[in-house]
Amino acid sequence: MLRFVTGNEGKVREAQDFLDEAVQQFEYDYPEIQSTDLGAIAAHGAREAYREVDAPVVVEDSGLFVDALDGFPGPYSAYVEDTLGIERVWNAVEPEDDHTGRFRSLIAYCDGTDLNAPTVHEGTPPVAIFEGRVEGAIVPPRGEGGFGYDPIFEVDGRTFAEMTAAEKNELSHRGRALDAFAAWYEP
Ligand code: IMP
């Protein structure tokens with residue numbers, strides 16, 4: 001059984017779609033480190049959670065990176081969503097020539113053993129890291145579905161908020177990171 005450390009039930013449901021093994025939500029409020037490196041943030045969380053439960057854990061950290069804003073809000077995406085809101089992120093991008101950006105998702109897995117994965121965050125214990133990205137454009141808010149920045153993120157003419165959950169999962173940064181993790185992971 002795999003514990004997905006998050007307060008977000010939606011992330012757990014997505015993970016269940018990608019992994020045959022039972023995935024269970026584990027709510028554990030650990031202090032997040034401040035870093036511009038999403039992988040380092042997720043790895044720190046996975047280590048903290050593993051120390052707490054002494055069983056295999058997964059932590060996911062994600063963010064929206066806008067090219068014209070030099071990658072902002074990036075690792076600060078949750079804070080910026082809560083404070084400015086997505087409409088004001090769009091307002092900041094609107095006058096720029098370049099509206100491109102991407103979502104990135106970093107999945108960190110830790111089970112206390114040495115891990116033979118393509119990317120390992122060194123430390124004690126080691127943490128395997130899997131990344132997924134999706135390229136898109138920042139647009140004025142459209143659509144009723146999804147969450148977070150979905151209404152201002154467009155891929156192939158539709159915002160994430162205009163897609164069904166299944167359509168978004170096929171394209172999304174988290175879907176791609178979960179795919180990479182599921183291909184590697186052997187319970
Ligand atoms: P966290 O990884 O849960 O901390 O989320 C980081 C920030 O990115 C939050 O503001 C989320 O709303 C946002 N975010 C992450 N994934 C998505 C997504 O798939 N759609 C829209 N916003 C997202």
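Here the structure is shown first, and the text comes after it.
Anyway, here's the lowdown on the structure attached to this text. Keep in mind that this is a model prediction, so the values were computed, not measured.

Surrounding the ligand, one finds 14 residues, the nearest of these being Lys11, Ser62, Glu81, Asp150 and Lys168. In this structure, Ala78 approaches the ligand through a main-chain N or O atom, which is 3.5 Å from an oxygen atom. Taking 480 Å² as the accessible area of the ligand by itself, protein coverage stands at 87%. Its atoms largely coinciding with the cavity grid, the ligand occupies the largest pocket. Contributing elements (two or more residues each) for the shell around the ligand: β3 (57–66), α3 (77–83) and α6 (173–184). Counting residues per element, the shell around the ligand draws most heavily on α3, which supplies three residues. Here the shell around the ligand is composed, by residue class, of four nonpolar, four polar and six charged.

Here we come to the environment of Glu60. Along the chain, the position of Glu60 falls in strand β3. Each C-alpha atom, one on Glu60 and one on Glu131, is 9.7 Å from the other, the two residues being 71 residues apart in sequence. Among all residues touching Glu60, those that are not within four sequence positions of it are Phe4, Lys11, Ser105, Leu106, Ile107 and Arg174. At 2.7 Å, the side chain of Glu60 and the side chain of Lys11 are in polar contact.

One turn of an α-helix holds 3.6 residues; hence residues three or four places apart share an orientation. With twelve residues, α6 should reach 16 Å at 1.5 Å per residue; the first-to-last C-alpha distance of 17 Å fits that figure. Of the positions making up α6, those classed as buried are His173, Arg174, Gly175, Ala177, Leu178 and Phe181. Buried positions along α6 lie against β1 (2–5), α1 (9–18), β3, β4 (100–110), β6 (127–138) and α5 (165–171).

Once that is clear, we can look at the layout of surface pockets. Estimated volume of the largest pocket: approximately 880 Å³. Residue assignment for the lining of the largest pocket shows that the elements contributing at least two residues are β1, β3, α3 and α6. Counting residues per element, the lining of the largest pocket draws most heavily on β3, which supplies six residues. Taken together, the residues that form the lining of the largest pocket break down as 15 nonpolar, ten polar and ten charged.

What follows is about the packing of aromatic side chains. In the structure shown here, the tally under the stated rule is twelve aromatic pairs. For the pair Phe26 and Tyr28, a centre-to-centre distance of 5.9 Å together with 25° between the ring planes defines the contact as stacked. Look at Tyr28 and you get partly exposed, because its relative accessible area is 25%. Each ring, one from Tyr28 and one from Tyr30, has its centre 6.1 Å from the other, and the planes form 40°; the classification is tilted. Cluster of aromatic residues (ring-pair linked, three or more members): Tyr109, Phe130, Phe181, Trp184 and Tyr185. For Arg104, the ring lying beneath its charged end belongs to Phe65, and the centroid distance is 5.0 Å.

The rules we used
Residues numbered from 1 in each chain as written. Predicted model: local features only at pLDDT ≥ 70, side-chain atom pairs only at ≥ 80, totals over all residues. Heavy atoms only, no water. Near = heavy atom within 4 Å. Polar contact = N/O pair within 3.5 Å; in protein donor to acceptor, adjacent residues only side chain to side chain. Areas by Shrake-Rupley, 256 points an atom, 1.4 Å probe, with all protein chains shown as cover. 1 Å grid on protein atoms, 1.4 Å probe; cavity = no way out; pocket = protein on both sides within 12 Å on 5 of 7 lines; lining within 4 Å. Sits in = over half its atoms within 2 Å of the grid points. Helix = DSSP H or I, 4+ residues; strand = E, 2+ residues; numbered from the N terminus. Nonpolar A, V, L, I, M, F, W, Y, C, P; charged D, E, K, R; others polar. Contact = heavy atoms within 4.5 Å. Expected span 1.5 Å × (residues − 1). Buried < 20%, exposed > 50% of the residue type's maximum accessible area, 1.4 Å probe, protein only. Points joined across faces, edges and corners; volume = space filled by probe spheres on them. Phe/Tyr/Trp six-rings, centres within 6.5 Å; stacked < 30°, edge-to-face > 60°. Lys NZ or Arg CZ within 6 Å of the ring centre and 35° of its normal.

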